[in-house]
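# Breakdown of the fold
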Amino acid sequence: MPKVLVTLRVNGEACEVAVPVHKTLLEVLREDLRLTGTKHGCELGECGTCTVLVDGEPWLSCLTLPVEVEGREILTVEGLAQGGRPHPLQAAFAELGAAQCGYCTPGILVTAKALLDATPRPTRQEIAQALSGNLCRCTGYVKIFEAVELAARRMAEEAAPAGAPVSAPAGAAGGE
């Protein structure tokens with residue numbers, strides 16, 4: 001089977017892989033790069049479990065060929081933590097029990113990161129809309145939404161000058 005040589009930038013590192021042209025980004029991440037945090041779900045682009053960020057935007061890796069994202073920055077759930085410290089979203093999910101079985105969590109975490117990068121103080125409705133493509137079969141979404149709100153609050157507090165008040169977005173549930 002013919003292979004193509006592709007250079008990917010994954011979690012800040014360049015890696016070169018020789019892959020069959022039909023192999024998906026999801027398969028390359030899991031099987032060739034051993035980044036198994038990104039999960040196989042429906043493989044039809046309907047569940048969001050395989051979501052990664054490409055140049056900061058959510059992409060379904062089960063529907064993406066590596067050649068489509070060559071040279072672009074790919075972020076998987078493994079790349080969220082920095083310097084051994086969990087991302088505020090990861091910490092909030094753990095604290096609030098927002099991850100039940102955890103299967104869908106990697107896709108939700110990276111999608112929520114894209115949301116918070118674009119909209120640092122999202123409303124509950126904006127969070128629900130952003131995560132509408134990520135299905136969780138274990139829980140309701142309330143704890144997931146609360147964890148995203150908690151992470152947003154903490155990230156805003158970290159970014160604010162010392163002593164500056166951090167207000168809740170209009171329409172936020174459970175805000176200050």
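Our subject in this report is the structure included herewith. (Residues numbered from 1 in each chain as written. Predicted model: local features only at pLDDT ≥ 70, side-chain atom pairs only at ≥ 80, totals over all residues. Heavy atoms only, no water.)

## Things to note about the overall build of the protein
When helices and strands are tallied, the protein shows five helices and five strands. Its C-alpha atoms give the protein a radius of gyration of 17 Å, near enough to 16 Å, the size a compact globule of 176 residues would have. Projected onto the principal axes, the alpha-carbon positions of the protein cover approximately 60 × 35 × 25 Å. Taking all 176 residues of the protein together, the buried fraction comes to 41%. (Helix = DSSP H or I, 4+ residues; strand = E, 2+ residues; numbered from the N terminus. Rg over C-alpha atoms; globule rule 2.2 N^0.38 Å. Buried < 20%, exposed > 50% of the residue type's maximum accessible area, 1.4 Å probe, protein only.)

## What about the nonpolar core?
Among the nonpolar cores identified, the biggest contains 26 residues, and L89, F93, L131, I144 and V148 are the most heavily contacted of them. Counting residues per element, the ones that place at least two in this core are α2 (88-96), α3 (105-118) and α5 (142-159). With 14 residues, the next largest nonpolar core counts C15, V19, L35 and V54 among its residues. (Core = buried A, V, L, I, M, F, W, Y, C linked by side-chain atoms within 4.5 Å.)

## As for the packing of aromatic side chains
Inspection of every chain in the model, using the stated rule, returns one aromatic pair. Geometrically, the ring pair formed by Y141 and F145 is stacked, given 6.0 Å between the ring centres and 25° between the ring planes. Given the relative accessible area of 27%, Y141 is considered partly exposed. (Phe/Tyr/Trp six-rings, centres within 6.5 Å; stacked < 30°, edge-to-face > 60°.)

## Focus on the side chain of K23
With respect to the secondary-structure elements, K23 resides in the loop between β2 (13-20) and α1 (25-32). Among the polar contacts listed, one links the side chain of K23 to the side chain of E31, at a separation of 3.3 Å. Contact partners of K23, with chain neighbours within four places excluded, come to V28, E31, D32, L65 and P66. (Polar contact = N/O pair within 3.5 Å; in protein donor to acceptor, adjacent residues only side chain to side chain. Contact = heavy atoms within 4.5 Å.)

## Regarding the pairing of strand β4 (residues 57-60)
The pairing of strand β3 (residues 51-54) with β4 spans four bridges and is antiparallel. Note that in β4 the partner of V54 across the bridge is E57. (Pairing = 2+ DSSP bridges.)

## Remarks on the environment of K113
With respect to the element layout, K113 can be found in helix α3. Residue class for K113 comes out buried when judged on its relative accessible area of 17%. A C-alpha to C-alpha distance of 9.6 Å links K113 and A151, two positions 38 residues apart in sequence. When neighbours within four sequence positions are excluded, K113 is seen to be in contact with L53, L75, L80, H87 and L89.

## Focus: the packing of α2 against α5
Taken N-terminus to C-terminus, the directions of α2 and α5 make an angle of 135°; their axes are 8 Å apart at the nearest point. Regarding the angle of α2 to α5, the classification is oblique. Read as a crossing pair, α2 and α5 show a hand that is right-handed. Contacts from P88, L89, A92, F93, E95 and L96 in α2 reach K143, I144, E146, A147, V148, L150, A151, R154 and M155 in α5. Here the contact of α2 with α5 is built from residues that sort into 11 nonpolar, no polar and four charged. (Axes fitted to C-alpha atoms, helices over the stretch in contact; angles between N-to-C directions. Parallel < 35°, antiparallel > 145°, perpendicular 65-115°, else oblique. Left-handed = near helix turned anticlockwise from the far one by under 90°. Nonpolar A, V, L, I, M, F, W, Y, C, P; charged D, E, K, R; others polar.)

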